Amino acid sequence: MIKIEWPRVPKFIFLLLLPTFLVLSPLPHRALAKSIPTAITAAPVELESQESKLDVTVAKGLLIGRIALEHDDYAKAQNSLSEAAIRQPDYSDLAQLANFAAINNGDLETAHQMALLALQAPNNEILPLLTEIIYGIKQKEPSNNLSYAQSLPRNDIGAYLSPLILAWVKAAKGQNSALADLSLTANPQLTPFIAQHQLAIAEFTKDRIRQEEALKHLLPKNDADFDKLSLAMIRIVGGYYERAGNIGQARKLYQVSGKKNNLYDLLAEDRQRLMANGPPPPALTPESGIAAVLLESGLLINNGRKEDRVALSLLRMAEWLEPKNPDIVLSIGDLLNSWELYEQALPIYQSMTKTANPQWRWQARIRYCQTLVDLKRNAEAEVELRKMSEEDRTDTLALSELGRTLNRSENYSAALKAYSDAIARVPTIGPDHWSLIFGKGISLERLGRTEEAIDTLKQAISLSPNQPDLLNYLGFTWVENNQNLNEALKMLVRAWQIKPNDSAITDSVGWAFYKLKYYDKAIEFLEQAVELSAYEPEIADHLGDAYWQVGREQEARVKWKLVLSLSPPKELLERVKVKLQNGIPLLPRNGQAL
């Protein structure tokens, strides 16, 4: 099965801010969300046990708030839950939940009020404590910050976040022990992130010994390791070198880092600053340092699951400290977008389209257009993307996104032109341009120019041999055209090995086995595909065909009837109606061993 999803410009900024080894590390991030009352839908046992004692109005507010949280309506949740918490202030769990809703709604004042109520109980929950630390910083009255920071829990994500917050709070108070609790060897996976903050804190407190110690854990051992650095690390270390007058090291960081992980363009401003002998960026302060810790922590615990909505809480709190920081603002938009909260993400991207930084402004405009397409407002996206492609005649991102949008609008001829124009702007085609070639191949295949499409898809695979969606597209194209079936099967199995939980790829493998007449093996993969995507009509149709070939006619008819209930495309609908009436011809099995 070919996915109806076109090659897309890399969208989520958290993939750029965090290096791969940390994004994929097996940290217990979900446990943090479980420390928040109800996370989203389920209240803790203590809260539920007290519900019979609630005032009727309070109980109603709690119910409305829960439903609002289930639908990610944080404004409504905040209003209902905060009113209920004020009405019954001794109910600290309710105040804690209202604090969570207010944070995710971006309302610091209400979050502060709810945090004070929640902290009346001796529970040391992380979000109310963080709220009060940030509120003290914003109000220039951080009198209780040290006490709050010392009370932060050290379990789960707190093992990383809490010592760093405490170190920055101590640094703000001028304490010599600011770095005493930070260990650069306790967790090797976290060492680079601890080290970047040790460097920043040591620079703030003028501790030269700790600066040198941190640099040893941050500098790459060889040029190949430069691409393992995150954007935050590059900026922190590069800025440090600029302020120290070591321009050569700063230049190397900005020039060598990021070419393989999409960071190079985002460092253009830094390279231009060095060329122009501009002033170095400011060092991190306790305020911006804590914002960086919250940003990294929020991205670290997010995995796109609903129980991880606390990731948004941490990013919102970072935004309170640095409301104009494009890393933070775009990360919030990307997080909301990854949860398919497109209506909430759209104004965030729009707010960034006028930022002073041209690289971030361009990224925000691209994301804005992508979100318009997600909202099925394709025509608006097309207008903006055409405008962008004219504004910068060397850019390929806008044209690539335009091609993807036109393909989704089934305007394949115009999509082909957009991709071809983008390719023409590339001086030398290399591995980084595989998605442009892929997009062109999709357009050709959809136009029925199959042989041209196959040649183009082969070119894309030669540039990036292990892209599973690309392997799937060419393999399935061959299978549908009864071409090179054995080679197609090998290609599809390779894609499946890379991405085993992808329903479209699993279906493709099963359908290749079907075309080769290995029906039992086809059923094995097609049943897996149905488990992964139970309501995809084409997969159900394929499984029905395979059942029919092995004599399981009743089960085949069940699958074909399911197809009719899933609003399939007209062509598939008519084909399945005929199958239900007449069945399909029985084909000989392949008796050869696999």
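Each remark here, short or long, concerns the structure printed above.
Parameters and conventions
- Residues numbered from 1 in each chain as written.
- Predicted model: local features only at pLDDT ≥ 70, side-chain atom pairs only at ≥ 80, totals over all residues.
- Heavy atoms only, no water.
- Helix = DSSP H or I, 4+ residues; strand = E, 2+ residues; numbered from the N terminus.
- Buried < 20%, exposed > 50% of the residue type's maximum accessible area, 1.4 Å probe, protein only.
- Contact = heavy atoms within 4.5 Å.
- Areas by Shrake-Rupley, 256 points an atom, 1.4 Å probe, with all protein chains shown as cover.
- Salt bridge = Lys/Arg side-chain N within 4 Å of Asp/Glu carboxyl O.
- Expected span 1.5 Å × (residues − 1).
- Arc of directions from axis to C-beta.
- Polar contact = N/O pair within 3.5 Å; in protein donor to acceptor, adjacent residues only side chain to side chain.
- Phe/Tyr/Trp six-rings, centres within 6.5 Å; stacked < 30°, edge-to-face > 60°.
- Lys NZ or Arg CZ within 6 Å of the ring centre and 35° of its normal.
- Axes fitted to C-alpha atoms, helices over the stretch in contact; angles between N-to-C directions.
- Parallel < 35°, antiparallel > 145°, perpendicular 65-115°, else oblique.
- Left-handed = near helix turned anticlockwise from the far one by under 90°.

Details of the overall build of the chain
- What the chain contains, in helices and strands, is 33 helices and zero strands.
- For the chain, the residues scored as buried account for 55% of the 594 residues in total.
- Considering only contacts within the chain whose residues lie at least 6 apart along the sequence, 61% involve residues at least 24 apart.
- Accessible area of the chain: about 26,300 Å², with a carbon and sulfur share of 51%.

With respect to the side chain of Asp 545
- Along the chain, Asp 545 turns up in helix 31 (residues 537–549).
- Non-local contacts of Asp 545, meaning those with residues more than four positions away in its chain, are made with Trp 511, Tyr 514, Trp 560, Lys 579 and Ile 584.

Some details on the pattern of salt bridges
- For the structure shown, the criterion picks out 31 salt bridges.
- With a shortest N-O distance of 2.9 Å, Arg 309 and Asp 72 are connected by a salt bridge. One end of the pair, Arg 309, is in the loop between helix 17 (286–301) and helix 18 (310–321); the other, Asp 72, is in the loop between helix 5 (56–70) and helix 6 (74–87), with 237 residues separating them in the sequence.
- A relative accessible area of 4% means that Arg 309 is categorised as buried.
- For Asp 72, a relative accessible area of 5% translates into the label buried.
- Among the salt bridges present, the one from Asp 520 reaches Arg 589, with a minimum N-O distance of 3.4 Å. Of this pair, Asp 520 sits in helix 30 (residues 519–532) while Arg 589 is found in the segment after helix 33 (570–582), placing the two residues 69 residues apart along the sequence.
- Exposure remark for Asp 520: the relative accessible area of 52% places this residue in the exposed category.
- Here Arg 589 falls in the partly exposed class, since its relative accessible area comes to 47%.
- Linked by salt bridges that have partners in common, Asp 541, Asp 545, Glu 571, Arg 575 and Lys 579 make up one network.

Section: helix 32 (residues 553–565)
- Helix length check: helix 32, at 13 residues, gives a terminal C-alpha distance of 19 Å against a target of 18 Å (1.5 Å per residue), a fit within 8%.
- All of the buried residues along helix 32 are Ala 556, Lys 559, Trp 560 and Val 563. Down the axis of helix 32, the smallest arc covering the buried residues is 95 degrees, so these residues share one side. Of the exposed residues in helix 32, those oriented more than 90 degrees away from the buried face are Gln 554, Val 558, Lys 561 and Ser 565.
- Against the buried residues of helix 32 lie helix 30, helix 31 and helix 33.
- Once helix 32 finishes, Ser 567 follows within two positions and takes phi at roughly 50 degrees, a positive value.

Here's the deal with unusual backbone geometry
- Unlike most non-glycine residues, Lys 140 shows phi in positive territory, near 60 degrees.
- Note on placement: Lys 140 falls in the loop between helix 9 (126–138) and helix 10 (145–151).

Observations concerning the side chain of Arg 367
- Positionally, Arg 367 belongs in helix 21 (residues 358–374).
- Given the relative accessible area of 1%, Arg 367 is considered buried.
- Within the structure, the side chain of Arg 367 is placed 3.1 Å from the side chain of Asp 334, a separation counted as a polar contact.

Points about the environment of Met 491
- Relative to the helices and strands, Met 491 is located in helix 28 (residues 485–498).
- On the accessibility criterion, Met 491 (10% relative accessible area) is buried.
- Considered as a pair, Met 491 and Tyr 473 are 18 residues apart in the sequence and their alpha carbons are 9.9 Å apart.

A closer look at the packing of aromatic side chains
- In total, this model carries eleven aromatic pairs according to the counting rule given.
- Aromatic side chains Tyr 160 and Phe 193 sit 6.5 Å apart centroid to centroid with 85 degrees between the ring planes, which places their arrangement in the edge-to-face category. Here the residue Tyr 160 occupies a position in helix 11 (residues 158–172), and Phe 193 occupies one in helix 12 (residues 191–204), the gap between them amounting to 33 residues. As far as the burial class goes, Tyr 160 and Phe 193 line up, both buried.
- Measuring from ring centre to ring centre gives 5.1 Å for Trp 496 and Phe 525, while their planes differ by 75 degrees; the resulting arrangement is edge-to-face. Taken as a pair, Trp 496 in helix 28 and Phe 525 in helix 30 lie far apart in primary sequence, 29 residues in all.
- Take Trp 496: its relative accessible area is 22%, and that puts it in the partly exposed class.
- Using a relative accessible area of 6% as the deciding quantity, one classes Phe 525 as buried.
- The rings of Trp 496, Phe 513, Tyr 518 and Phe 525 are connected pair by pair, giving a single aromatic cluster.
- Sitting over the face of the ring of Trp 339, Arg 309 holds its NZ or CZ atom 4.0 Å from the ring centroid.

Remarks on the packing of helix 24 (residues 412–424) against helix 25 (residues 434–446)
- Where helix 24 contacts helix 25, the two axes come as close as 9 Å, and the packing angle between them is 155 degrees. As summarised for this structure, helix 24 and helix 25 are arranged roughly antiparallel, according to the angle between their axes. Seen along the crossing, helix 24 lies across helix 25 with a hand that is left-handed. Each of Tyr 412, Ala 415, Leu 416, Tyr 419, Ser 420, Ala 422 and Ile 423 in helix 24 lies in contact with helix 25, whose residues at this interface are Ser 435, Leu 436, Ile 437, Gly 439, Lys 440, Ser 443, Leu 444 and Arg 446.

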